Amino acid sequence: MKEPKLIDYILLVILALIWASAFFNIKIATESFGPITIAFLRVFFGSIPVLLLCFYKKIKIEAFSKDWYWFALIGIVNLVAPFFLIAYGIKSVQSNLAAILMSTTPLSSTVLGHFFTKNEKFNFIKTFGILIGFSGIIYLFSDNFLINDNNFISALLILLGSTCYVVGGVLTLKISEKKNENVTGSILIWAIIILVPLVSFIEKPWNTTPSVESSVSVVYLGVVSTGLAWLLRFRILKDNGLIFQSQVSYLIPLFGIILSYIFLDEIITKKVLVSLLAVLVGLYFVKKAGNKKII
C-alpha cells in the first residue's frame, strides 16, 4: 500500500466531516419527517450516486441473483434498522450525544470479531481499550443533563443502531468476494424495497408539509452522507487500505460535537468531553493492538 499523501489526508478529513454532519442533519430532518421516512429517503437518494457509478463502471448489480437473501438481510441490518433507530433516537437527544454513541462501532466490532472470526481474538491491549472506551459511554449515561428518564431509551436505541452496523459488517463477510460497489448498490436496492411498504402504510409522508430545512437535510443525508460518502470510502480503501481509512473513527465524534455546536447551538458538558476522551483513548488502544497483526 502506498504512503499516504496530503490529498489522502484531506479526503479522510472530508469523509469524517460528511459522516459527522449526518447527526445534526438527522436532528433537523426529525422536525418534519418520521424515522421511517428519514430512513427511506436516505437509502433512496443514497442509491443514486452509487448506482450511477456502477452503471458508469459497468459493474453488475446482483441484488436479485442467487445471493439475493444476503443482500436483503444486510440491507435490513446495515441500513434499514440503524437508519431508523438513529433517527428515532436523535429526535429526543442532542445530536452530539449520538455522535459519541455511534463512535463505539469499532469497539463493538472488536467484541464481535472475537466471537465470530478466527484471527481477531482479544489480547491484553484490545481488552484494555474496550474497557476504557465503554467505560466512557457508561460515564456519559450518568450525565443527567443530557440523558434522563425521558430519553434514556432513545440513547439506548442509538447504541443499538451502532451495533446493527457492526452485525451488518460481519454479515458482509459472507459475500466479501464481490465488489464493494455491487454490494452497496444491491443492499441499497433491497433497503428501498423493504422500506417502501413501511413508509407508505405507517407514516404516509405525502400528508405532511416539511420545512425547507428538513427537506434539504434528508436530501443531503441521502446523496452526500450515504451515497457520496460510501464512494469516497471506496476510494480511500482502495488507495490506502483499511488501517488508514479506520482513522476516520477518531475524527467523527470530534467533528460531530463541533458541528452540532455550530449549527444547532447544542450544549457541550464536561461529561461529554470526558466521555469523548475515554472513547478516543479506547479506540487508540484497540487499533494499536489490531495494527500489530497486519503486515
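The preceding data block contains the structure.
Let me sum up the structure you'll find in this document. (Residues numbered from 1 in each chain as written. Predicted model: local features only at pLDDT ≥ 70, side-chain atom pairs only at ≥ 80, totals over all residues. Heavy atoms only, no water.)

On to the packing of aromatic side chains, then. Here the structure, examined in full by the defined rule, presents 13 aromatic pairs. A ring pair is formed by Phe44 and Phe45, whose centres lie 5.3 Å apart and whose planes are at 75°; its orientation type is edge-to-face. Taken together, a centroid distance of 6.2 Å and an interplanar angle of 55° make the contact between Trp230 and Phe234 tilted. Separated by four residues within a single helix, Trp230 and Phe234 lie in helix H9 (residues 212-245), roughly one turn from each other. In this structure Trp230 comes out as partly exposed when scored by relative accessible area, which is 21%. Owing to a relative accessible area of 8%, Phe234 belongs among the buried residues under this scheme. What links up through ring pairs into an aromatic cluster is the set Phe64, Trp68, Tyr69, Trp70 and Trp190. (Phe/Tyr/Trp six-rings, centres within 6.5 Å; stacked < 30°, edge-to-face > 60°. Helix = DSSP H or I, 4+ residues; strand = E, 2+ residues; numbered from the N terminus. Buried < 20%, exposed > 50% of the residue type's maximum accessible area, 1.4 Å probe, protein only.)

Below, the discussion takes up the environment of Leu107. Tracing the backbone through its elements, the reader meets Leu107 in helix H5 (residues 105-116). The residues touching Leu107, leaving out its near neighbours within four places in the chain, are Gly129, Ile130, Gly133, Phe134, Gly282, Leu283 and Val286. (Contact = heavy atoms within 4.5 Å.)

With that settled, consider the nonpolar core. Taken as a class, soluble globular proteins show a tendency for nonpolar side chains to be buried jointly. Counting residues in hydrophobic clusters, the biggest one holds 82 residues, and the most contacted among them are Val43, Ile100 and Leu101. Residue contributions to this core peak at 13 residues, all from helix H1 (residues 6-29). Beyond its immediate sequence surroundings of up to four residues, Ile100 is in contact with Ile137, Leu140, Pro253, Ile257, Val272, Leu276 and Val279. (Core = buried A, V, L, I, M, F, W, Y, C linked by side-chain atoms within 4.5 Å.)

On to unusual backbone geometry, then. Its identity as a non-glycine residue notwithstanding, Lys58 has a phi of 55°, on the positive side. Within the element layout of this structure, Lys58 appears in the loop between helix H2 (35-56) and helix H3 (68-90). In this structure Lys58 comes out as exposed when scored by relative accessible area, which is 78%. Here Asp265, not a glycine, exhibits a phi torsion of approximately 55°, which is positive. For Asp265, the position within the fold is in the loop between helix H10 (248-264) and helix H11 (270-291). On the accessibility criterion, Asp265 (57% relative accessible area) is exposed.

Moving on, we come to a nonpolar patch on the surface. A surface patch of nonpolar side chains, about 600 Å² in accessible area, is lined by Ile258, Tyr261, Ile262, Phe263, Ile268 and Leu273. Within the secondary structure, Ile268 is located in the loop between H10 and H11. Classification of Ile268 as partly exposed rests on a relative accessible area of 34%. (Patch = residues over 30% accessible without salt bridge, like charges linked within 9 Å, V, L, I, M, F, W, Y side chains within 5 Å. Areas by Shrake-Rupley, 256 points an atom, 1.4 Å probe, with all protein chains shown as cover. Salt bridge = Lys/Arg side-chain N within 4 Å of Asp/Glu carboxyl O.)

Counting through the fold element by element, Val93 comes out in the loop between H3 and helix H4 (95-102). Relative accessible area serves as the criterion here: at 3%, Val93 is assigned to the buried category. Note: C-alpha distance between Val93 and Val199 (106 residues apart in sequence) is 23 Å. Filtering out sequence-adjacent residues up to four positions away, Val93 remains in contact with Lys27, Asn151, Ser154, Ala155 and Ile158.

A few words on helix H6 (residues 124-140). A rise of 1.5 Å per residue sets the reference length of H6, with its 17 residues, at 24 Å; its end C-alpha atoms lie 24 Å apart and thus fit the reference within 8%. Considered for burial, the residues of H6 that qualify are Lys126, Gly129, Ile130, Ile132, Gly133, Gly136, Ile137 and Leu140. One side of H6 carries all its buried residues, which in axial view fall inside an arc of 165°. Looking at H6, the residues exposed on the side facing more than 90 degrees away from the buried face are Phe124, Leu131 and Ile138. The N-cap of H6, judged by a side-chain oxygen 3.2 Å from the amide nitrogen of Ile125 a few residues on, is Asn123. (Expected span 1.5 Å × (residues − 1). Arc of directions from axis to C-beta. Polar contact = N/O pair within 3.5 Å; in protein donor to acceptor, adjacent residues only side chain to side chain.)

The next point concerns H3. When the terminal C-alpha atoms of H3 are compared, their 32 Å separation across 23 residues agrees well with the 33 Å that a helix rising 1.5 Å per residue should span. A bend of about 35° at Ile76 is the largest found in H3. (Bend = angle between axes of the 7 residues up to and from the residue.)

One pass over the full model with this rule turns up five salt bridges. Lys178 is the partner of Glu62 in a salt bridge, and the nearest nitrogen-oxygen pair spans 3.2 Å. Highlighted residues: Glu62 in the loop between H2 and H3 and Lys178 in the loop between helix H7 (152-172) and helix H8 (180-203), separated in sequence by 116 residues. Judged by its relative accessible area of 14%, Lys178 falls in the buried class. When the shortest N-O distance is used, the salt bridge between Asp239 and Arg235 registers 2.6 Å. Of this pair, Asp239 and Arg235 both sit in helix H9, four residues apart, roughly one helical turn. By sharing partners, the salt bridges in this structure join Glu62, Lys66, Asp67 and Lys178 into a single network.

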